[in-house]
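One-letter residues, chain by chain:
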Amino acid sequence: MADLEYRPGLADVPVAESGISFIDGKRARLEYRGIAVETLAQESTFEETAWLLLKGELPNQRDLAVFDHNLRHHRRLKFRIIDLIKCLPESGHPMDALQAGVAASGMFYPGREVSNPEKNWESVVRLIAKLPTIIAAFHRLRQGNLPIEPRDDLSHAANFYYMLFEEEPSPSISRLLDACLILHAEHTMNASTFSGRVTASTLANPYTVVSSAIGTLTGPLHGGANEEVLDMLEEIGSVVKAKSWLEEAVESKKKIMGFGHRVYKVKDPRATVLQDLAENMFVETGKPEIYKLAVEIEKAALPILGPRGIYPNVDFYSGIIYQSLGISRDLFTPIFAIARVAGWLAHWLEQLKNNRIFRPEQIYIGKMDRPYLPLQNRP
Ligand code: SDX
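Residues numbered from 1 in each chain as written. Predicted model: local features only at pLDDT ≥ 70, side-chain atom pairs only at ≥ 80, totals over all residues. Heavy atoms only, no water.

## Some thoughts on the nonpolar core
Quick reminder of the rule: Nine residue types can take part in a nonpolar core, namely buried Ala, Val, Leu, Ile, Met, Phe, Trp, Tyr and Cys, and a core is a set of them joined through side-chain atoms within 4.5 Å. Residue exposure (1.4 Å probe, protein chains only): buried if accessible area is under 20% of the type maximum, exposed if over 50%, otherwise partly exposed. Domain start and end points were adopted from an automatic or database domain assignment. Should any heavy atoms of two residues lie within 4.5 Å, those residues are considered in contact.
Ranked by internal contacts, the top residues of the largest apolar core, which has 113 residues, are Ile128, Leu233, Ile297 and Ile321. Of the residues that make up this core, three or more belong to each of domain 1 (18-220 + 329-353) and domain 2 (225-324). The contacts of Ile297, once residues within four sequence positions are left out, are Leu233, Ile236, Ala242, Trp245, Leu246, Phe259 and Phe316.

## Describing the site of the ligand
For the record, the criterion: Throughout this document, a residue counts as near a molecule or strand when at least one of its heavy atoms sits within 4 Å of that molecule or strand. Polar contact criterion, stated in full: a pair of N or O atoms within 3.5 Å, where within protein one must be able to donate a hydrogen and the other to accept it, and residues adjacent in sequence count only if both atoms are side-chain atoms. Areas reported as accessible are Shrake-Rupley estimates using a 1.4 Å probe. Residue values count occlusion only from the protein chains shown. Polarity classes work like this: nonpolar for Ala, Val, Leu, Ile, Met, Phe, Trp, Tyr, Cys and Pro, charged for Asp, Glu, Lys and Arg, and polar for all others, with Gly in that last group.
Near the ligand there are 24 residues, and of these His187, His261, Arg262, Arg270 and Arg340 occur at the shortest range. Within the side chain of Arg340, one N or O atom sits 2.8 Å away from an oxygen atom of the ligand. With the chains in place, 72% of the 1,000 Å² that the ligand exposes on its own is no longer accessible. Among the residues forming the shell around the ligand, the class breakdown is nine nonpolar, seven polar and eight charged. When residues are assigned to domains, the shell around the ligand turns out to be shared by domain 1 (18-220 + 329-353) and domain 2 (225-324), each giving three or more.

## Re the domain arrangement of the chain
Heads up, the rule is: Summed over both partners, the accessible area (1.4 Å probe) lost when two parts come together is defined as the buried area. When a carboxyl oxygen of Asp or Glu lies within 4 Å of a side-chain nitrogen of Lys or Arg, that pair is called a salt bridge.
Taken domain by domain, the chain holds domain 1 (18-220 + 329-353) and domain 2 (225-324). Each partner contributes to the interface: domain 1 provides 27 residues, whereas domain 2 provides 27 residues. When domain 1 packs against domain 2, close to 2,200 Å² is buried across both sides, 65% of that on carbon and sulfur atoms. On the domain 1 side of the interface with domain 2, the three residues burying the most area are Leu176, Arg329 and Phe332, jointly 31% of the side's total. Summed over the shared surface of domain 1 and domain 2, the result is two salt bridges. The residue Arg329 makes a salt bridge to Asp231 at a minimum N-O spacing of 2.8 Å.

## Considering helix α5 (residues 94-105)
Cut-off, in case you're wondering: Helix and strand assignments come from DSSP, with helices taken as H or I runs of at least 4 residues and strands as E runs of at least 2, each series counted from the N terminus. Here, expected helix span is obtained from the residue count minus one, scaled by 1.5 Å.
With twelve residues, α5 should reach 16 Å at 1.5 Å per residue; the first-to-last C-alpha distance of 16 Å fits that figure. Taken together, the buried positions of α5 are occupied by Pro94, Met95, Ala97, Leu98, Gly101, Val102, Ala104 and Ser105. Against the buried residues of α5 lie α4 (79-86), α6 (117-142), α10 (206-217) and α16 (332-353).

## Description of the pattern of salt bridges
Taken as a whole and assessed by the stated rule, the structure comprises 24 salt bridges. Arg27 is the salt-bridge partner of Asp24, the closest N and O atoms lying 2.7 Å from each other. For Asp24, a relative accessible area of 12% puts it in the buried group. On the basis of relative accessible area, Arg27 is assigned to the exposed category, the value being 59%. Glu122 is the salt-bridge partner of Arg126, the closest N and O atoms lying 3.6 Å from each other. Of the two residues, Arg126 and Glu122 both sit in helix α6, four residues apart, roughly one turn of that helix. Since its relative accessible area comes to 17%, Arg126 is described here as buried. Members of the salt-bridge network, linked through shared partners, are Glu5, Arg7 and Asp12.

## Considering the sheet that holds strand β2 (residues 29-32)
Test applied: Here, a strand pair is defined by DSSP locating no fewer than two bridges between the strands.
A sheet is described by the order of its strands in space; here three strands give the open sequence β1-β2-β3, paired in antiparallel fashion. Each having just a single partner strand, β1 (21-24) and β3 (35-36) make up the two edges of the open sheet. Strand direction decides the pairing type here: β2 and β3, joined by two bridges, are antiparallel. What sits directly across from Tyr32, in β3, is Ile35.

## Section: the packing of aromatic side chains
Quick reminder of the rule: Ring geometry is summarised as follows: Phe, Tyr and Trp rings, the Trp one being its six-membered ring, pair when their centres sit within 6.5 Å, and such pairs are stacked at plane angles under 30 degrees, edge-to-face over 60 and tilted between the two.
Under the definition given, this model contains eleven aromatic pairs. Ring plane angle 15 degrees and centroid distance 5.9 Å describe the contact between Tyr109 and Tyr207, whose orientation is recorded as stacked. Of this pair, Tyr109 sits in the loop between α5 and α6 while Tyr207 is found in helix α10, placing the two residues 98 residues apart along the sequence. With a centroid separation of 5.5 Å and an interplanar angle of 55 degrees, the aromatic rings of Tyr322 and Phe332 are classed as tilted. Highlighted residues: Tyr322 in helix α15 (residues 315-324) and Phe332 in helix α16, separated in sequence by ten residues.

Structure (structure tokens):
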């Protein structure tokens, strides 16, 4: 076999040509369709950013109004999906409920042939619209409450908060959540997007594509890290222990959750924006101890991990914001998913445009040409 070179984790191996987002890992730059993510987090909305990712251009007023209306119109779940969620164990993780709910939803919308652009767009709208409702329904049911009906008069982010807490978020909380969704919406060829594209390349239906991506996102090395960061900070306990804990962790080769990145070798620009959002949030409420501790961990890590290109990533500060909003820790990764579904679907459509099924190679390191030993002759 030609001189194949195995690249662990496909590091630095391009697996697609894509125009959706761009990262410069040395200059902490992230752009969605050429627009800086900081600008979108400041100026845009999740709905507008989702359109930008999906269509490649910012929407005009009419397109945005129609898209927004359709998203609001498709938030409700089939009652049999609610029944399915009712059968799930309360102790289960919301990401597993989300994956089950998404995969099952696809059974109600047959659009399994992916050659029809109109049907594909219907699936895009339904998936973006329904993921928040599935998560909120599971959360309410596991608390012993009935799901809260989505409200058509609230934005995507505000309605998600409303379905969790049965109260409308303040404008500043809506804005904060909306900015978090924008920051998590897309990130080139991360593991869950790649997983979705592999599934997309077999021409599987979009619900299955998103279900694949959700499964990949749950891992603690990927989307699950935002939950792990809070567990880690809670374990450290207090600011005075930050430096010693960090030094000991690095010494024992422990992975610091929320740190490091395959592409960024400087602080993740999203972590910077999320930290600014947290700071703004705490101006009114005062900085919680857990935030002060996170800042101390970052400070202690700088001289030790900085020279190795290991800095905070998107997951380091996001959970602190969600926790300060009263959101349960195991809902942090689902929030990542309701944002990233826009990116996953943009990659799904892009994959279909010029598809070839993914089928990479391997370097075989097993045994060869072995005889079959009858059972009675085996040691
Ligand atoms: C996300 O890909 C994306 O874009 C993902 C994401 C997105 O938006 O989709 O940005 C979202 O998943 C962010 C990452 C969330 N995960 C974590 O915070 C978990 C902790 N981080 C690490 O597990 C790690 O940094 C990864 C998984 C993020 C990246 O892994 P890589 O690129 O495979 O790096 P590696 O594990 O090979 O580490 C290279 C070196 C190793 O040291 P050596 O063996 O070479 O001496 O850096 C060290 C690692 O030990 N290292 C860390 C570290 N991350 C890397 N050391 C301590 N703490 C860390 N967090």
